[in-house]
Amino acid sequence: MRPQKKPTAKNRVRDIVVIALISLCLGIPAAEIALRFTCAYCTWTEENGQGFVSPYAVREKTWYHVREANSVTRFDLPEFTYELKTNSLGLRDIEHPLAKKPDQFRLMAIGDSFTEGWGAPFEQTWLNLLGRNLNAQNPPGNIEVICAGASGSDPFYGYRLLVDKLMPYQPDWVLLVVNDSDIHDILVRGGMERFQPDGTVKGVDSPELPWGYASSQFARFILFEVFDYTHSLVRRPERNRRALAALELLKQLVLDYQALANSQGFRFSLVIHPYSKELQRHQYQHLDGLIEFALQHKIDVIDTKPYLFEKLAARDGRIEDLYWPEDKHLTNLGYRYLAEAVEIGLLSSNDWP
């Protein structure tokens with residue numbers, strides 16, 4: 001029997017390389033499958049079954065970010081099911097007459113999907129709850145609440161809608177409802193320059209899409225964890241710089257809202273509400289600077305975080321009681337608490353009727 005030859009150093013290196021390549025070929029597809037299953041690096045559109053869409057793909061045919069007018073849509077999602085009906089403006093509300101009754105007080109709220117009441121039956125949106133709470137302390141029907149919230153909207157879209165479509169409703173008090181998603185929206189859409197002279201909307205020019213980002217979750221894992229990329233398609237330091245620039249645009253816009261209120265004779269309040277992680281940390285990611293700025297300029301601010309944090313503590317920190325774990329919007333209970341927080345803020349104002 002011939003003795004076996006000992007492997008040479010060259011053969012050992014070759015074997016290691018072959019094993020490494022086989023492991024790599026098997027490991028990357030396995031990692032891709034696992035990451036797709038967990039959706040840990042999914043974008044919002046991917047989480048909602050729409051595939052990858054660049055956040056900078058902002059090309060709208062109209063200045064007004066609303067839903068289809070007079071439509072009915074049913075949403076059957078894993079955590080909730082609800083129906084959404086719109087009025088002639090494409091907003092989730094009843095049809096309000098332009099003319100006000102002599103003793104009527106109109107409260108209008110401008111915002112995004114939280115203001116629209118995403119995930120909740122119409123009667124359980126925080127604006128409808130707020131209206132019932134306020135009218136319980138006033139003559140029935142004296143206070144009329146108008147919802148101007150639209151999913152995916154932001155304060156710049158809201159301002160355009162207010163000036164062009166909503167002023168004929170003669171609001172007495174306007175709430176601008178803001179959360180941290182507005183910073184990202186402004187980051188990719190820009191400010192007033194988005195509104196093109198031909199009536200369309202064009203967002204900020206996109207940075208170069210990193211290789212593999214659009215199609216591979218594993219590529220995103222490498223980009224995020226090794227190269228510090230974000231869903232804004234830039235590295236975190238650059239993303240933070242752009243977020244601060246977006247915050248500055250938002251600060252100036254809040255002054256525009258207040259100037260409009262002064263010229264048109266309605267009261268204006270800035271309402272801030274937290275995302276679930278911000279509430280758990282009891283700290284906003286970006287919006288503390290907006291609150292400080294507004295107060296410095298004597299703009300009324302309703303910060304809902306302290307009240308919501310108190311309610312969260314009373315429920316032993318169970319954040320899932322207030323926010324849907326996957327969808328991240330408020331539950332019916334969360335909307336109820338938000339209505340109560342805004343009610344407290346309004347009633348504490350010396351100008352409230």
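Within any chain, residue numbers begin from 1 and follow the written order of that chain's sequence. Residue-level local features of this predicted model are given only where pLDDT is at least 70; pairs of side-chain atoms are given and counted only at 80 or more, and the full residue set underlies all totals for whole chains, interfaces and linings. Side-chain measures here rest on the full set of heavy atoms in the structure, leaving out hydrogens and waters.

### Topic: the overall build of the protein
Right, on to step 1. Think of it this way: any DSSP run of H or I at least four residues long counts as a helix, any run of E at least two long counts as a strand, and we number them from the N terminus. A tally of regular secondary structure across the protein gives 12 helices and 9 strands.
Right, on to step 2. By principal-axis analysis of the C-alpha atoms, the protein measures approximately 110 × 50 × 40 Å.
Right, on to step 3. Categorising residues by exposure relies on relative accessible area from a 1.4 Å probe, with only protein chains included: less than 20% of the type maximum marks a residue as buried, more than 50% marks it as exposed, and the intermediate range marks it as partly exposed. Here the protein, with 353 residues, has 47% of them falling under the buried criterion.
Right, on to step 4. Contact criterion: two residues are considered in contact whenever any of their non-hydrogen atoms come within 4.5 Å of each other. Nonlocal contacts in the protein, meaning residues at least 24 apart in sequence, comprise 72% of its contacts between residues at least 6 apart.
Right, on to step 5. Accessible surface, the protein as shown: approximately 18,200 Å² in total, 56% of it carbon and sulfur.
Right, on to step 6. Charge assignment in this entry is limited to Lys and Arg as positive and Asp and Glu as negative, and neither His nor the chain termini are counted. Lysine's charge is taken at NZ, arginine's at CZ, aspartate's at CG and glutamate's at CD. Both charge centroids of the protein, one from 39 positive and one from 45 negative side chains, sit 9 Å from each other. Each accessible area value is a Shrake-Rupley result obtained with a 1.4 Å probe; residue values ignore everything except the protein chains displayed when judging cover.

### So, the state of the cysteines
Right, on to step 1. Disulfides are defined as cysteine sulfur pairs within 2.5 Å. Summed over all chains, the structure comprises 1 disulfide.
Right, on to step 2. Sulfur-sulfur distance for the disulfide between Cys39 and Cys42 comes to 1.8 Å. Where Cys39 bonds to Cys42 through sulfur, the torsion about that S-S bond is close to -110°, and the disulfide is left-handed.
Right, on to step 3. With relative accessibility at 10%, the residue Cys42 sits in the buried group.

### Observations regarding helix α10 (residues 288-296)
Right, on to step 1. Every buried residue belonging to α10 is among Leu290, Ile291, Phe293 and Ala294, and all of these are buried. Seen end-on, α10 carries its buried residues on one side only, within an arc spanning 165°. Turned more than 90 degrees off the buried face of α10, the exposed positions are Leu295 and Gln296.
Right, on to step 2. The secondary structure elements touched by the buried residues of α10 are β6 (173-178), α8 (236-264), β8 (267-272) and β9 (300-303).
Right, on to step 3. Once α10 finishes, Lys298 follows within two positions and takes phi at roughly 55°, a positive value. Note that the arc is computed from the directions linking the helix axis to the C-beta atoms.

### Observations regarding the nonpolar core
Right, on to step 1. Each nonpolar core is a collection of buried residues, namely Ala, Val, Leu, Ile, Met, Phe, Trp, Tyr and Cys, held together in the definition by side-chain atoms within 4.5 Å. In terms of nonpolar packing, the biggest core is built from 52 residues, with Leu162, Leu270, Ile272 and Leu290 touching the most fellow members.
Right, on to step 2. Ranked by residues supplied to this core, first place goes to α8 with 9 residues.
Right, on to step 3. For Ile272, the contacting residues outside a window of four places in its chain are Val178, Tyr284, Leu287, Leu290, Ile291, Val301, Ile302, Asp303, Thr304 and Lys305.
Right, on to step 4. Residues Phe105, Ile319, Tyr335 and Tyr337 belong to the second largest nonpolar core, which totals 40 residues.

### Examining the side chain of Arg106
Right, on to step 1. Within the secondary structure, Arg106 sits in strand β4 (residues 105-111).
Right, on to step 2. Of the residues examined, Arg106 reaches a relative accessible area of 0% and is grouped as buried.

### Overview of helix α7 (residues 217-225)
Side chains of residues three or four places apart in an α-helix project in the same direction, reflecting 3.6 residues per turn.
Right, on to step 1. The set of residues buried in α7 consists of Gln217, Ala219, Arg220, Leu223 and Phe224. One side of α7 carries all its buried residues, which in axial view fall inside an arc of 150°.
Right, on to step 2. A distance of 3.2 Å separates the backbone nitrogen of Phe218 from a side-chain oxygen at the start of α7, and that oxygen is part of Ser216. Any pair of nitrogen or oxygen atoms within 3.5 Å is treated as a polar contact; in protein, a donor-acceptor pairing is required on top of that, and neighbouring residues in sequence qualify only through side-chain atoms on both sides.

### Some details on the environment of Asn135
Right, on to step 1. When you line up the elements, Asn135 lands in helix α4 (residues 126-135).
Right, on to step 2. A relative accessible area of 17% places Asn135 in the buried class.
Right, on to step 3. As a C-alpha pair, Asn135 and Asp172 span 37 residues in sequence and 15 Å in three-dimensional space.
Right, on to step 4. A polar atom in the side chain of Asn135 sits 2.8 Å from the backbone oxygen of Ile143.

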